[in-house]
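Observations on the three-dimensional arrangement
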Amino acid sequence: MSCKRDYLNVKNGSYVRLYHEEMHQIDAESESIITYRSDNEYHANVNAQGLVTANYVGKTNVVLANENGDVANVEIDVIPVSNLYPEPVLSFGETENSVLGKYGVPDVVDDEYYFYSDYSPKAPYMMVTLENGVVESYAVLVNASTNVEELVTFLEERYKYVGDTDDYLFYMNALSVLDATMSVGVGVMTLGYEVYIMVAYMNADI
C-alpha cells in the first residue's frame, strides 16, 4: 500500500501589494484543512478563510499550514497612498553626534533642540528635541494651508489612532498600548506669521 501525500498550493501568488484597509482573498488548495496566521497583525490580519485585511504600512507574512505539516507563505506589502514627507529616521536615546551624522549641521542650535529648514517641500521644517545631549523626540512641521487632508491620509495609513485632547491628536505604532514603542502627537504650531501642523514622534514610554 502507498500513502498519498497531502500538498499545499497557493494559486494566486505569494506576494501581494495592498493599500490601507484593502482586502485580498488567498486562493489556496490542500487535501486537508488549511490554517492561516499573520506574522504581524499591525500590518495585516487574516481570517480563518484566508481573507487578508491590510492595516498599516509595512510588510508581513501570512503563513498557511495544513494538517500534514506543509507550510506556505504569502508576503503582504501594505503600501502608502501618500508620501507627504520623509519621516525622520528615528532612534530615541541617540546622541547629538548621531543626529548630526544623519542630517548634518542644523540651521538653529539650542541646548534643547536642533532646528532644520528646507526639510521637504510640503513639510519645510524638522525639529529634534534633546535633553542632556540625548534625543527625546522628533517633530516635523507640515504646511497647514495646503496639506491637511493629505496629512490625515498619511498618518491614518501608517499609525493607529488613539484619541485626542483639546489641542492634540494621538497615534501609536501598535495595535495595543502595551506593544507600542512610539507615539505620534499632532497639533498646531505658529512660526512668525505662518501656521504649521506639528507631527511629533515620541518614545511611547515618555
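You'll find the structure just up there.
Here the residue index of a chain counts from 1 through its sequence in written order. With pLDDT at 70 or above as the cut-off, local features in this predicted model cover only qualifying residues; side-chain atom pairs require 80 or more to be listed or tallied, and sums for whole chains, interfaces and linings still use all residues. Note: side-chain values were computed over all heavy atoms of the structure, leaving out hydrogens and water.

1. Some points on the overall build of the protein
Keep this limit in mind: Counting from the N terminus, the helices are DSSP H or I runs at least four residues long and the strands are E runs at least two residues long. Computation of the radius of gyration draws on C-alpha atoms alone. For the globule rule, the value is 2.2 Å times the number of residues to the power 0.38. Only protein chains enter the accessibility calculation, which uses a 1.4 Å probe; a residue whose area is less than 20% of its type maximum is buried, one above 50% is exposed, and one in between is partly exposed. Contact between two residues is taken to exist if any of their heavy atoms lie within 4.5 Å; hydrogens are not considered. Where accessible areas are quoted, they stem from the Shrake-Rupley method and a 1.4 Å probe; at the residue level, only the protein chains shown are allowed to cover. Two residue types count as positive, namely Lys and Arg, and two as negative, namely Asp and Glu; His and chain ends fall outside the count. Throughout, a charge is located at the NZ atom of Lys, the CZ atom of Arg, the CG atom of Asp or the CD atom of Glu.
Scanning the protein from N- to C-terminus turns up 2 helices and 17 strands. The globule rule puts the C-alpha radius of gyration for 206 residues at 17 Å, and the 22 Å found for the protein is more than 25% above it. Considering only C-alpha atoms, the protein reaches an extent of 85 × 35 × 30 Å along its principal axes. Per-residue burial over the protein gives 42% buried out of 206 residues. Contacts in the protein between residues at least 24 apart in sequence constitute 50% of all its contacts with a sequence separation of at least 6. A total accessible area of about 11,600 Å² is found for the protein, and carbon and sulfur atoms account for 49% of it. Both charge centroids of the protein, one from 10 positive and one from 32 negative side chains, sit 15 Å from each other.

2. Thoughts on the pattern of salt bridges
To be explicit about the condition: By salt bridge we mean one thing: a side-chain nitrogen of Lys or Arg within 4 Å of a carboxyl oxygen of Asp or Glu.
For the coordinates displayed, the defined rule picks out 6 salt bridges. Where Lys122 meets Glu150, a salt bridge forms, and the shortest distance between an N and an O atom there is 3.3 Å. Residue Lys122 is located in the loop between β11 (113-117) and β12 (125-131), and its partner Glu150 is located in helix α2 (residues 148-156); the two are separated by 28 residues in the primary sequence. What makes Lys122 partly exposed here is its relative accessible area of 36%. Residue classification places Glu150 among the partly exposed positions, given a relative accessible area of 25%.

3. What about the side chain of Ser120?
Within the secondary structure layout, Ser120 lies in the loop between β11 and β12. In this structure Ser120 touches Tyr85 and Pro86, once residues within four positions along its chain are discounted.

4. A short note on the nonpolar core
Here is the rule: Buried residues of nine kinds, namely Ala, Val, Leu, Ile, Met, Phe, Trp, Tyr and Cys, make up a nonpolar core once their side-chain atoms join them within 4.5 Å.
Ranked by internal contacts, the top residues of the largest apolar core, which has 27 residues, are Tyr85 and Tyr201. Taken together, the elements giving at least two residues each to this core come down to β11, β12, β13 (134-143), α2, β16 (182-191) and β17 (194-203). For this core, the leading source of residues is β13, giving 4 residues. Counting 18 residues, the second largest nonpolar core, distinct from the first, contains Leu8, Val16, Ala44 and Val78.

5. Digging into the sheet that holds β17
Test applied: A pair of strands counts as paired when DSSP detects no fewer than two bridges linking them. For every element, the axis is a line fit to its C-alpha atoms; helices are fit only across the contacting stretch, and the angle between N-to-C directions ranges from 0 to 180 degrees.
Across the sheet, 8 strands lie side by side as β10-β11-β12-β13-β17-β16-β15-β14; this open sheet has antiparallel pairing. Among the strands making up the open sheet, the edge pair consists of β10 (108-109) and β14 (160-164). Across 4 bridges, the pairing between β14 and strand β15 (residues 169-172) is antiparallel. Along β15, the bridge assignment pairs Lys160 with Met172. Contacts from α2 reach β13, β15, β16 and β17 within the one sheet, and its direction differs from that of β17 by about 10°.

6. Concerning the sheet that holds strand β5 (residues 34-38)
The mixed open sheet is built from 4 strands, whose spatial order is β2-β9-β8-β5. Each edge of the open sheet carries a strand with a single partner, namely β2 (15-19) and β5. Mean inter-strand twist for the sheet, computed between neighbouring axes without regard to direction, equals 25°. Relative to strand β9 (residues 71-79), strand β8 (residues 58-66) runs antiparallel, the two sharing 8 bridges. Directly across from Ala65, in β9, lies its bridge partner Val71.

7. As for the packing of aromatic side chains
Put simply, the test is: Aromatic pairs are defined between Phe, Tyr and Trp rings, using the six-membered ring for Trp, whenever the two ring centres lie within 6.5 Å; interplanar angles under 30 degrees are classed as stacked, those over 60 as edge-to-face, and all others as tilted. As a reminder, the over-ring test applies to NZ of lysine and CZ of arginine, requiring each to be within 6 Å of the ring centre and within 35 degrees of the ring normal.
The full count for this structure, using the stated rule, is 8 aromatic pairs. Residues Tyr159 and Tyr201 carry aromatic rings whose centres are separated by 6.5 Å and whose planes lie at 70° to one another, so their mutual orientation is edge-to-face. Taken together, the positions of Tyr159 in the loop between α2 and β14 and Tyr201 in strand β17 put the pair 42 residues apart, joining distant regions of the chain. Exposure class is identical for Tyr159 and Tyr201. Each is buried. Seen from their ring centres, Tyr168 and Phe170 are 6.2 Å apart, and the 40° between their planes marks the pair as tilted. Given a relative accessible area of 34%, Tyr168 falls into the partly exposed group. Through pairs of rings, three or more aromatic residues link up here, namely Phe115, Tyr125 and Tyr196. The residue whose ring lies beneath Arg158 is Phe154, and the NZ or CZ to ring-centre distance is 3.8 Å.

Everything listed here is a matter of geometry and, on its own, says nothing about what the molecule does.
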